[in-house]
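# Residue-level structural notes
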Amino acid sequence: PNTLFAATWQVVRTPWSLNSGGPGSAIYKSMDGGSTWKQLTGEGLPKRNWGRSGVSVSGADGNRVYALIEAEEGGLFRSDNGGDSWKRVNDDERYRQRAWYFTHIFADPKSVDTVYVLNTGLFRSTDGGKTFDLLPAPHGDHHGLWIDPTNPDRLINGNDGGATITVDGGKSWSSLDNQATAQFYHVTADNRFPYYLYGAQQDNTSVAIASQTDEGYIGREHWYAVGGGESAYIAPDPSDANIVYAGAEDGSVTIYDHRSNKSKDVAVWPLDNSGHGASEVEHRFQWTFPLLISPHDPKVLYAGAERLFRTTDQGKTWDPISDDLSRNDKSKQQPSGGTITLDITSVEYYDTIFALAESLIEKGEIWAGTDDGLVQLTRDGGKSWQNVSSRAWPEWATVSIVEASPFDAGTAYVAIDNHRQDDLKPYIFRTIDYGKTWTSIVQGLPGGGYVHVVRQDSKNRNLLFAGTELGIYVSFNDGGQWQPLQLNLPRTPVTDLIVKDNDVAVSTNGRSFWILDDISPLRGLKPELANTDFALYETAPTHRLYFAEDVDRRRPVGENPPPGAILSYYLKNQAKDEITVEIRDSEGNLVRKYSSYERKDKSEQPPEWPDLEKPPEVLSTKAGMNRFPWNLRYETPLELPGAFYAGNGPQGPIVVPGTYTIKMTFGGKSQTTNVEVLPDPREKTDIDELRKQFELSTQVARRIADLHRAVIQMREVRTQMKQMEKNLDRDDRNQQVIETMHKFTQRMSVIEGQLIQTKMKSSEGNLRYPNMLNEELDTFSHAIETDAAPTRSMYQVFDFLSKRLDTQLNAWHELTSQLPALNEKIKATGASSITISREQGADVLH
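This section reports on the structure supplied with the text. No experiment lies behind these values; they were computed from the predicted model shown.

Right, let's talk about helix H3 (residues 732-755) for a bit. Compared with the 34 Å implied by 1.5 Å per residue over 24 residues, the 35 Å span of H3 between its first and last C-alpha is a close match. Next to the buried residues of H3 lie helix H2 (687-727), helix H4 (773-783), helix H5 (792-816) and helix H6 (819-828). The N-cap residue of H3 is Asp731: its side-chain oxygen and the backbone nitrogen of Arg733 are 3.4 Å apart.

On to the nonpolar core. Core analysis: the biggest nonpolar cluster contains 43 residues, and Tyr245, Leu291, Ile428, Phe465, Ile472 and Trp482 have the highest contact counts within it. Apart from residues lying up to four places away in sequence, Ile428 is in contact with Val414, Thr439, Ser440, Ile441, Val442, Leu445, Val451, Val454, Ala466 and Trp482. Within the second largest apolar cluster, 39 residues are counted, among which are Ile704, Met724, Leu773 and Leu801.

Running from N to C, H4 and H5 point in directions that differ by 155°, and their axes come no closer than 11 Å. Overall, the two elements H4 and H5 adopt an arrangement that is roughly antiparallel. Considering only the axes of H4 and H5, their crossing is left-handed. Taken together, the residues of H5 that come into contact with H4 (itself represented by Leu773, Glu776, Leu777, Phe780 and Ala783) are Met794, Val797, Phe798, Leu801, Arg804, Leu805 and Gln808. Grouping the amino acids of the contact of H4 with H5 by side-chain chemistry returns nine nonpolar, one polar and two charged.

For the pair H3 and H5, interaxial distance at closest approach is 10 Å and the crossing angle is 165°. Viewed along their axes, H3 and H5 adopt a mutual orientation that is roughly antiparallel. In this structure, H3 meets H5 at a crossing whose hand is left-handed. Contacts between H3 and H5 involve Phe744, Arg747, Met748, Ile751, Gln754 and Leu755 from the first element and Leu805, Gln808, Ala811, Trp812, Glu814 and Leu815 from the second. By residue class, the composition of the contact of H3 with H5 is eight nonpolar, two polar and two charged.

For H2, which comprises 41 residues, the first-to-last C-alpha distance of 60 Å matches the rise-based estimate of 60 Å (1.5 Å per residue) to within 8%. By the N-cap criterion, in which a side-chain oxygen at the helix start approaches the backbone nitrogen of a residue two or three places on, H2 is capped by Asp686, the distance to Asp688 being 2.8 Å.

Along any regular strand the residues' side chains alternate between the sheet's two faces. Of all six residues making up strand S30 (residues 353-358), six are buried, and the element is well covered by its neighbours. Pairing of S30 with strand S31 (residues 366-370) involves five bridges; the strand directions are antiparallel. Paired with Glu358 across the two strands is Ile366, which belongs to S31.

Scanning the model with the defined rule gives 42 salt bridges in all. Put simply, Lys332 and Asp329 hold a salt bridge, and the shortest N to O gap is 3.4 Å. Assessed through its relative accessible area of 22%, Asp329 is described here as partly exposed.

Across the two faces of strand S11 (residues 115-118) the burial is the same, with Val115 and Val117 and Tyr116 and Leu118 all buried. Where strand S10 (residues 104-107) meets S11, four bridges bridge the pair, whose relative direction is antiparallel. Residue pairing for S11: Ile105 is matched across the bridge by Val117. Hairpin connection, S11 to strand S12 (residues 122-125): the antiparallel pair is bridged by three residues.

Right, let's talk about the sheet that holds strand S13 (residues 133-134) for a bit. The sheet built from four strands is open, its strands ordered S10-S11-S12-S13 with antiparallel pairing. The open sheet has two edge strands with one neighbour each: S10 and S13. Where S12 lies against S13, two bridges are found, and the strand directions are antiparallel. Counted as the bridge partner of Phe123 is Leu134 from S13.

Here the focus is the sheet that holds strand S22 (residues 234-237). The sheet built from four strands is open, its strands ordered S22-S23-S24-S25 with antiparallel pairing. Unpaired on one side and paired on the other, S22 and strand S25 (262-265) mark the two borders of the sheet. Averaged over all pairs of adjacent strands, the angle between their axes in this sheet comes to 25°, without regard to strand direction. Here strand S23 (residues 240-248) pairs with strand S24 (residues 252-257) via six bridges, running antiparallel. The residue of S24 that forms the bridge with Ala246 is Thr254.

The rules we used
Residues numbered from 1 in each chain as written. Predicted model: local features only at pLDDT ≥ 70, side-chain atom pairs only at ≥ 80, totals over all residues. Heavy atoms only, no water. Helix = DSSP H or I, 4+ residues; strand = E, 2+ residues; numbered from the N terminus. Expected span 1.5 Å × (residues − 1). Contact = heavy atoms within 4.5 Å. Polar contact = N/O pair within 3.5 Å; in protein donor to acceptor, adjacent residues only side chain to side chain. Core = buried A, V, L, I, M, F, W, Y, C linked by side-chain atoms within 4.5 Å. Buried < 20%, exposed > 50% of the residue type's maximum accessible area, 1.4 Å probe, protein only. Axes fitted to C-alpha atoms, helices over the stretch in contact; angles between N-to-C directions. Parallel < 35°, antiparallel > 145°, perpendicular 65-115°, else oblique. Left-handed = near helix turned anticlockwise from the far one by under 90°. Nonpolar A, V, L, I, M, F, W, Y, C, P; charged D, E, K, R; others polar. Pairing = 2+ DSSP bridges. Salt bridge = Lys/Arg side-chain N within 4 Å of Asp/Glu carboxyl O.

The structure is reproduced here in structure tokens:
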């Protein structure tokens, strides 16, 4: 274990170049645990001027060492004497292509002749590196491998698609879709309902994915690819979400139609420039070049190269609307890779347009930011341009994002990224005069958190969001001061973000898309609120939707937003007094009431939003911001303990569209706000139809409550009689009373058996024991939950069930009329009377 091998790599990378190789690239050996090192030279190794190399020692024989070396005469080398001498055993370029990006080698821990090489494929040799087989790993571009030292058939492979596992030596592999590890460069959204998010994944498909679904989760069936490449900007047509433009490296542009699931190439300059330096090509399209649809005309699409191009006919024709907007420094447009292995993917293409924005206020006001540190502005749709860059930001830095203000013409924000020149400081600048002057707005951002993106809220002009290498930040005073908004978002680079309606959506490096639902509280934050004991914030409008709550989470799925309206409130301190929330309709009728006192264990805090599978029924009392979802339903009908249902069980009726008042009371003070419940925009149902549906749902819920109340009463009576029989002496008089009680409970059980399936003890027990009235009413209550007036059949079934219920309830009432006489006999024994709770579970529906 004191014998170590180390590979060093000399590499210089700038925004415009990559140079792999030099005197610093070498392989070293230590025999004293790393205290001293000796560089390995000669003895079969390639001549100097190496690039990247990898080295691995066999676990089966410490004298067997493998080295994969980037050099003119490079390849796979093997030593059988601990590195004293070497021989090249394989020079196949498949195992050392793109050497700076790969060059990964792993020796097997058990077999001396087994070695793995990772490149675009995952390769394994069992003859000491002479020949290799391609393993069927479920992705390309492999960068990491772990081999179980005790069982080499168990491997974990890390690739550009994620992580996969094999337990049979690479014959079969686990899925890539069981982990939220997508690396997105950008995020955008369309205008459908619910809206979809779009982005392209690192070395993977592009994605159009639902922001929420009716199924209660976001699964694989809720996203699809829309063309484009890994680094792409995606641009869905705002007037038709089926049409999506997508970019890819080297200037590729496709148009995708989801109706036909077909894509076609509509590139500005459809020529593959692979292997050519930027100075040699006709148009310089950066690996991540911007695509932008005009907010004033969905037929206008812009694409940024060294100049700005525009099409108005879906890419059939493109016209330049600018000259070269970059610095066009030819010294920074040379081939990349270095003197050993050229590597030209357009990542190092420089002097290009990197960011685009068009003002929502002023048509023709277009901002273009370049990767060489310029901001160019046109106010006449490209007829004339002006360099409005600032000397305040670093020279040659990348203008990562330009954000045109949705409130004022001439106001814009830029995020400047200079980390590729070893400058990790955050840079955000604001102009309010068309770029004549710029103001730095970075107070509060961390020193090492260079900025990828800055966005202005669409409703509160002072509210800004910034995505940085260290997470997300928010400013409430137009950038005067920033603070974290991380919450439960994983600590990961936030590469892009958008404000979509009332949400903020972000793209991340390695943790996929995330959405912060309903930012109304952020829009309403005011300094004076810090001095209040509690504050109830405005609630964004919400839609009347039916959400599935019984979600199968045995497979990886994305989270739906909490169902219904999100109530947000602030507590200065941990609440000891009761907090109540009352929700009333426009006529003042009570719809729902919540309290912080309903939990059994007062010290137990409810789960913190938004990590909820089901909405909490208890208001949180913790200090700070709290969020509580109201699922737009009336109170749940009186519950029946221990009842089993095929689904979620009875729920209160969902409200009709309209305005509802929310009143929160705490510490003797109350605050109110309103929430507007909107109809599902996908449905064309008349409001009168929804009212009819609500009326029938309400009647069903009342009938369920009636049934449950009767069953609870029966169970109370049965419990009392059992206890009484247990306590009575067995003399003749008492025995007569016991027999009378037995007859009573027998008749009661017959009625109960018609009301509820008493033998059902599991959610699918009705496949064995027939549904009775309780189960029939429950399934019927879900069947009538549609955005339409009830059908005639629904009314007929309700009458059918209601009459059957009345028959059994009347029988129960007739039976209970005999209780007074029975109680007289019971009193004679000295026992207490049998009582029935007549107002069991009074609720808002009654």
